[in-house]
Structure formats: structure tokens, C-alpha cells
Amino acid sequence: MVPFAIVADLRTGSTLLSTSLDRHPQVRCYGELFHPQDLPDNRIDGLDRARASAGAILRAALCSGRRRTRGFKAMSFLPLRTERRWRDAWGRLRALPGLRVLWLTRGNRLAQYTSLEVARRTGMFHPHDHDRLYAAEHRPTVTLDPAEFRAWVEERDALLARRRRQLDGLPALELDYETLTEDWHRSLGRVQAFLEVDVLPIEPMKRKQESRPLAEVIRNYEELTAAVPRALIRSAD
């Protein structure tokens, strides 16, 4: 059994990667196992997550079953502090024999933050292909505060650094959203080779939600980009 974790933050392509990997005949990839709510992709047959410990969840999801390679979306902000029964989740994860880590990040932090704000305001984090929100004319525009954006980046970077310390030394593969979406088949091939499964031409299960340039999404785009470091908005369009 080869266990793996996709360590990611919101709006970095984790759903794209996890749902696509789950189509591989040798892979079982769950969603957010430590999300407080039951979701379609985090349910484990025969286990009541609401009553199970972190260790029990990880063993049931990653250490048993017919598919030899098993993983999940280890979102960097989960479990929430209110979920005290799972407070040792990252320690339990690190202790899994043979664990492999896929680090998934997003270089364009402004695009990540903007995508998150749009999702929050519409209440739709993962629209389906037929949803009207995919049409540019139905997507909202936003006004962003430069100071709030920079504070958000600092907070998320600190959280990711903590997770890297907790999983330091484990076999790892670095991925970024931009390369994953722009060079899908090569990127997915690297992932499959890292997980030691057959490299298959799997098509993506999700498509990019935002087709508009950021200058059209952010009403105060010029003000914002003048106030934040260029490193946070690379490849802005």
C-alpha cells in the first residue's frame, strides 16, 4: 500500500488533481478527510468520521482497500481548531509508513486570493460545467484591500511553513497550479510516476473557472498591483 497526501491551500487546484487521480484504476483519492462536514468525496465506507479519531480515519482511508495507492486532500488549514478529536491529525499523518507528499501551491497569489473572494461571494467553490457561473457575464467583480491581501498571504505562508516542518524529510513532489493547468499531461505523468502507478492519459475532471484577466475581475486592479510586491502577482494575466 502506498499512502499519499496532497498538501494544498484553497484555490490551488487540489480538487482538479484529486478528482482526476481518483479516475486512475490503481488510485483511490479522497477529498478533505478532516473537513467537519460530510462531503461526497470524504466519506469512508463503514466508518463514522464524526466519531472516529484522526488515526482511525487515516488507517481506514489510506491503509486498506483494493487499490494499492491511496491518498487524500490534506488541506493546510484542516482540521479546524474546534475539531479537538483530530488535533493530532498531522502527527498521525507523518507516522504513516511510506507516506508520500504532493506539495501543491499557486505562484500567482493575487489570482488565488481573487478566486477565493469570488467563491466566497457567490457561495460556489466548485461549480459544474453547466453552472451559469462559468459564463463571464455572470461572474462578479471584486474590490480588494491591499493590506488585507498582504496579511492573508503572510498568514497562509506561515501555515504552509508549519506543515512543511511537520512533514519534513518525507518523499515529496513539488507542484504548482500554473504548471499543472498549463501542462496537464506532463504534470500528471510526473505525479503518477511519483506514486508508482501506471502513467495513463487521464483527462482533467475540472476546468478553470476564471477566463477573465484579473484586470477585469478586480475593480481597483491598478491601485492593488501598485501597492503589493510583484512576486505576489507574477503571471497576473
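Residues numbered from 1 in each chain as written. Predicted model: local features only at pLDDT ≥ 70, side-chain atom pairs only at ≥ 80, totals over all residues. Heavy atoms only, no water.

S.K.: What is the right way to look at the overall build of the protein chain in this model?
M.R.: A count of helical and extended segments in the protein chain gives nine helices and five strands. Helices and strands appear in the protein chain in the N-to-C order β-α-β-α-β-α-β-α-α-β-α-α-α-α. Along the three orthogonal principal directions, the C-alpha set of the protein chain runs to about 50 × 40 × 35 Å. Counting every position in the protein chain, which comprises 237 residues, the buried fraction comes to 50%. When contacts within the protein chain are restricted to residue pairs at least 6 apart in sequence, those whose partners lie at least 24 apart make up 74%. Surface accessibility of the protein chain: about 12000 Å² in total, with carbon and sulfur atoms responsible for 48%. Where the 40 positive side-chain charges of the protein chain centre and where its 32 negative ones centre are 6 Å apart. (Helix = DSSP H or I, 4+ residues; strand = E, 2+ residues; numbered from the N terminus. Buried < 20%, exposed > 50% of the residue type's maximum accessible area, 1.4 Å probe, protein only. Contact = heavy atoms within 4.5 Å. Areas by Shrake-Rupley, 256 points an atom, 1.4 Å probe, with all protein chains shown as cover. Lys, Arg positive; Asp, Glu negative; His and termini not counted. Charge placed at Lys NZ, Arg CZ, Asp CG, Glu CD.)

S.K.: Would you mind showing me how to read the sheet that holds strand β5 (residues 172–176) here?
M.R.: Paired through their backbone hydrogen bonds, the strands of a sheet run either parallel or antiparallel. Pairing within the open sheet is parallel, and its five strands lie in the order β2-β3-β1-β4-β5. If you trace the sheet from one side to the other, it starts and ends with β2 (27–29) and β5, each paired once. Taking the axes of each pair of neighbouring strands and ignoring which way they run, one obtains an average angle of 20° across the sheet. Alignment of strand β1 (residues 2–8) against strand β3 (residues 69–75), held across seven bridges, turns out to be parallel. Its bridge partner being in β3, proline 3 is matched across the sheet by arginine 70. Packing against the sheet, helix α2 (residues 54–62) makes contact with β1 and β3, and its axis sits at approximately 140° to β3. Across the face of the sheet, helix α7 (residues 184–194) comes into contact with β4 (100–105) and β5 while running at roughly 165° to β5. (Pairing = 2+ DSSP bridges. Axes fitted to C-alpha atoms, helices over the stretch in contact; angles between N-to-C directions.)

S.K.: Can you help me understand the pairing of β5 in this one?
M.R.: Each regular strand shows side chains that alternate between the opposite faces of the sheet. Burial of the side chains of β5 is restricted to one face: Leu173 and Leu175 are buried, whereas none of Ala172, Glu174 and Asp176 on the reverse face is. Bridge analysis of β4 against β5 gives five bridges, and the strand direction is parallel. Counted as the bridge partner of threonine 105 is aspartate 176 from β5.

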